[in-house]
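The chain contents come next:
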Amino acid sequence: MALRYSNIKVYRPESLEEALTILSTRKEKVRIVAGSTDVTVMMRSGTIEEELLDLSGLRRSLAYIGASGDGVEIGALATYMMLLSNVLVHERVPLLAEAMRTIGSPQIRNMGTLVGNVANASPAGDTIPPLYVLGADIVLEGISGTRNISVDEFFLGVGKTVRRPDELITRIIVGGQPPGSRGFFEKLGLRRAMAISVVSVAGLISLDHGVVADARIALGAVAPTVIRAPGAEGRLKGEELTDDVMWDAAEAAARDAKPVTDVRGTAGYRRMVVASLVYRGLSRVAYELEVAGID
Ligand SMILES: Cc1cc2nc3c(=O)[nH]c(=O)nc-3n(C[C@H](O)[C@H](O)[C@H](O)COP(=O)(O)OP(=O)(O)OC[C@H]3O[C@@H](n4cnc5c(N)ncnc54)[C@H](O)[C@@H]3O)c2cc1C
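Residues numbered from 1 in each chain as written. Predicted model: local features only at pLDDT ≥ 70, side-chain atom pairs only at ≥ 80, totals over all residues. Heavy atoms only, no water.

### Here's the deal with the overall build of the protein
1) Next: A count of helical and extended segments in the protein gives 13 helices and 15 strands.
2) Next: Taking 2.2 N^0.38 as the reference for a compact globule, 295 residues should give roughly 19 Å; the C-alpha atoms of the protein span a radius of gyration of 20 Å, in line with that estimate.
3) Next: Viewed in the frame of its principal axes, the protein has a C-alpha envelope of about 60 × 40 × 35 Å.
4) Next: Across the 295 residues of the protein, 49% fall into the buried class. (Helix = DSSP H or I, 4+ residues; strand = E, 2+ residues; numbered from the N terminus. Rg over C-alpha atoms; globule rule 2.2 N^0.38 Å. Buried < 20%, exposed > 50% of the residue type's maximum accessible area, 1.4 Å probe, protein only.)

### Regarding unusual backbone geometry
1) Next: Despite not being glycine, Lys-27 has its phi angle at roughly 40°, a positive value.
2) Next: Residue position: Lys-27 is located in the loop between helix 1 (16-26) and strand 3 (30-33).
3) Next: You can call Lys-27 partly exposed: its relative accessible area is 37%.
4) Next: Within the chain, Ala-221 stands out as a residue other than glycine whose phi angle is a positive 70°.
5) Next: Following the sequence through the fold, Ala-221 ends up in the loop between strand 14 (211-220) and strand 15 (227-228).

### Remarks on the sheet that holds strand 11 (residues 168-174)
1) Next: Reading across the sheet, the five strands line up as 5-6-11-7-8 and stay open at both edges, with antiparallel pairing between neighbours. Bordering the open sheet on either side are strand 5 (65-68) and strand 8 (145-150), each of which pairs with just one other strand. In this sheet, adjacent strand axes meet at a mean angle of 25° when their direction is disregarded.
2) Next: Inspection of the sheet shows strand 7 (residues 136-142) paired to strand 8 by six bridges, in the antiparallel sense. Note that in strand 8 the partner of Ile-138 across the bridge is Ile-149.
3) Next: The sheet contacts of helix 1 involve strand 7 and strand 11, and relative to strand 11 the element is tilted by about 120°. (Pairing = 2+ DSSP bridges. Axes fitted to C-alpha atoms, helices over the stretch in contact; angles between N-to-C directions. Contact = heavy atoms within 4.5 Å.)

### Considering the nonpolar core
1) Next: Counting 53 residues, the largest nonpolar core has Leu-96, Ile-172 and Val-174 as its most contacted members.
2) Next: When residues no more than four places from it in sequence are discounted, the contact partners of Leu-96 are Ile-74, Leu-114, Thr-127, Pro-130, Leu-131, Leu-134 and Val-174.
3) Next: One finds Phe-184, Ala-223, Ala-229 and Ala-257 within the second-largest nonpolar core, a separate group that totals 34 residues. (Core = buried A, V, L, I, M, F, W, Y, C linked by side-chain atoms within 4.5 Å.)

### Examining the site of the ligand
1) Next: The full set close to the ligand counts 33 residues, and Ile-32, Thr-37, Asp-38, Tyr-80 and Thr-113 are the nearest of them.
2) Next: Backbone polar atom of Gly-35 to an oxygen atom of the ligand: 2.7 Å apart, as the coordinates give it.
3) Next: Between the ligand and Lys-187 there is a distance of 3.4 Å, counted from an oxygen atom to a side-chain nitrogen or oxygen.
4) Next: Protein contact buries 90% of the 980 Å² of open area that the ligand shows by itself.
5) Next: For the shell around the ligand, the secondary structure elements donating two or more residues are strand 3, helix 2 (37-44), helix 8 (114-120) and strand 11.
6) Next: Along the lines of polarity and charge, the residues of the shell around the ligand split into 17 nonpolar, eleven polar and five charged. (Near = heavy atom within 4 Å. Polar contact = N/O pair within 3.5 Å; in protein donor to acceptor, adjacent residues only side chain to side chain. Areas by Shrake-Rupley, 256 points an atom, 1.4 Å probe, with all protein chains shown as cover. Nonpolar A, V, L, I, M, F, W, Y, C, P; charged D, E, K, R; others polar.)

### Section: the domain arrangement of the protein
1) Next: By domain assignment, the protein separates into domain 1 (2-59), domain 2 (61-174) and domain 3 (182-291).
2) Next: Centre-to-centre, using C-alpha coordinates, domain 2 lies 21 Å away from domain 3.
3) Next: If you look at the interface, domain 2 gives 21 residues, while domain 3 gives 23 residues.
4) Next: Buried surface at the junction of domain 2 and domain 3, summed over both partners, amounts to about 1,700 Å²; 66% is from carbon and sulfur atoms.
5) Next: Inspection of the region where domain 2 meets domain 3 yields two salt bridges.
6) Next: A salt bridge links Lys-187 to Asp-126; the shortest N-O distance between them is 2.6 Å.
7) Next: The interface formed by domain 2 and domain 3 contains nine residue pairs in polar contact (both at pLDDT 80 or more).
8) Next: Here the residues of the side of domain 2 that touches domain 3 are counted per class, giving 15 nonpolar, four polar and two charged. (Domains from an automatic or database assignment. Buried area = accessible area lost by both parts, 1.4 Å probe. Salt bridge = Lys/Arg side-chain N within 4 Å of Asp/Glu carboxyl O.)

### Comments concerning the side chain of Arg-270
1) Next: Structurally, the position occupied by Arg-270 is in helix 13 (residues 267-291).
2) Next: The class for Arg-270 is buried, based on a relative accessible area of 2%.
3) Next: Those residues in contact with Arg-270, other than ones at most four positions away along the chain, are Val-198, Val-199, Ala-221, Val-222, Pro-259, Val-260, Asp-262, Arg-264 and Gly-265.

Shown next, in the form of C-alpha cells:
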C-alpha cells in the first residue's frame, strides 16, 4: 500500500516480502521508518527523502523478543518499553536494560526501537556500547538473502554502516552475560535526560579466583564509531579490582579514546570524562561483586 502526504510518498507494506521488494526497487530513494523518533527529527530539519517505508504493518512479525542460545533475539520493531518489560532481557542482558532505562523519556521509549538506534549509527547511540561488550550480530535481510554481521564490523563511521540500501535489519541477536559477571553503563550529557551523550561507557567484568578473567570496555561518542578500549581491558586482566588498578584502567581508557572537540565538549574534557565514568563503573562493579560474594 502506498499513501502520499503532501510531497512525501509513504509505503506501508503488510509483509516482510513486500517490504523487501519495495527496498529492492526504491533502494536509497526510500527511508525506512520504525518508531520514527529519529526520522521525525530528520523530517523537521528538512533532510528527509521523498519516500518513506513505514514498517508499522509488520509489527506482528517484527515486534518480538525471544531467547537465542544464552542470549536474546530482538526483532526490528521491539520498542524500548517492550524490552524493559521483558524478563529475558533483565535476566540475560541486564547491562543492556541498564542502558535502555536512560534513553529519552517514557514517550521516546514507547515509540523508539533498539534496532532504530543501531541503524541510525550515531557514535552517541546509548545501546551500542553495551552491544559491543555483550557481543551481538546484526541480521540484514534483502530479497537476495540474509547476512549476519558482528556489531564491531557493522559501523563504518558517523551515520554509516555496511547495510546495503536494499537490506532491512530484521533482528539483532545479543549474547547473554556470563554467569557471575557484572556490567556497567555510565553516560554524561549536557543535562540529566533527553540529551545526546557527550560520553558513554559500557563494561563487562568476570572474575576468576579474585582476579579479572575477562574485561570488556566500550566507549561511545569519542570516535566516529563506538570503540573498544584495549588499553583499559589489558590493564584489568589478571589483576584484582583494587583502587589503583581501577584508576590505571580508567586512565588507559582515556588514552584509548579518540575524541574530537564539538559543541558539546572539547576533546580534552571528553578524555577526562571517559576516565571518571570508567572509574565510577568499575568501582560499582567491584562493590557489587564483593556484596554478591563472587570471586
Ligand atoms: C527527544 C529525544 C530523546 C532521545 N534520547 C536518546 C537517548 O537518550 N539516547 C539515545 O541513544 N538516543 C536517543 N534518542 C534517539 C532515538 O530515540 C533512538 O535512536 C531510537 O532508538 C531510534 O529508534 P526508532 O525506532 O524511533 O527509529 P527511526 O527514527 O524510525 O529510524 C532511525 C534510523 O534507523 C533506520 N531504521 C530504522 N529501522 C530500521 C531497520 N529495521 N532496518 C534498517 N534501517 C532502519 C531509519 O531509516 C533511520 O535512519 C532520542 C530522540 C529524541 C527525539
